[in-house]
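# Inside the fold
Below are the chains, spelled out letter by letter.
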Amino acid sequence: MTALKQGHTTRVVVPPQRHPEEPAVFRFPTPDDPAPGAARVLAIALYGTVLGICGVGVGLYAVIAVFGGAPAWYLPALAALTMLSVAPVVAAFLSIHRRFLPWVLLLAAAPPMAADVMVALAY
């Protein structure tokens, strides 16, 4: 006969260490961060506002179109394109302390909104 004897083992899981000089790309600002310039915040806010007004216009137009008998694919398509435009704008605000990333994200938000306007007006 053989007997199995369990050994005492301890497993330690160490979380990965972040270096303080490598901040996350998308994060809320901390009290230690320098404030972004007023012109930068204003430009990002105005760009986001223009996209938001376009989205509201598309939404109002879509409500009228739905009551007029729009096809089943119409609202999901508009909603998907709107979300594809909103997500980069939110990411741009969260990455406002980066140099070029907010501008790239804001530029990436424009084509889905343009497609959203075209789809809304095509019906």
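Residues numbered from 1 in each chain as written. Predicted model: local features only at pLDDT ≥ 70, side-chain atom pairs only at ≥ 80, totals over all residues. Heavy atoms only, no water.

Here we take up the packing of aromatic side chains. In total, this model carries one aromatic pair according to the counting rule given. Ring geometry for W73 versus Y74: centroids 6.0 Å apart, planes at 70°, classification edge-to-face. Given a relative accessible area of 0%, Y74 falls into the buried group. (Phe/Tyr/Trp six-rings, centres within 6.5 Å; stacked < 30°, edge-to-face > 60°. Buried < 20%, exposed > 50% of the residue type's maximum accessible area, 1.4 Å probe, protein only.)

Now for the packing of helix α2 (residues 74-94) against helix α3 (residues 101-122). The contact between α2 and α3 brings their axes to 8 Å, and the two run at 165°. In terms of orientation, α2 lies roughly antiparallel with respect to α3. As α2 packs across α3, the resulting crossing turns out to be left-handed. Together, Y74, L78, L81, T82, L84, S85, P88, V89, A91 and A92 of α2 and P102, L105, L106, A109, P112, M113, A115, D116, V119 and A120 of α3 make up the contact between the two elements. (Axes fitted to C-alpha atoms, helices over the stretch in contact; angles between N-to-C directions. Helix = DSSP H or I, 4+ residues; strand = E, 2+ residues; numbered from the N terminus. Parallel < 35°, antiparallel > 145°, perpendicular 65-115°, else oblique. Left-handed = near helix turned anticlockwise from the far one by under 90°. Contact = heavy atoms within 4.5 Å.)

Okay, the UniProt feature "transmembrane region" (unreviewed entry) in the protein chain next. The UniProt entry lists residues 44-67, 73-96 and 103-122 under the feature "transmembrane region" (unreviewed entry), expressed in the numbering used here. Taken end to end, residues 73-96 has its terminal C-alpha atoms 35 Å apart, with 88% of it in helix and 0% in strand. (UniProt positions renumbered as here; feature names shortened; annotations may be inferred.)

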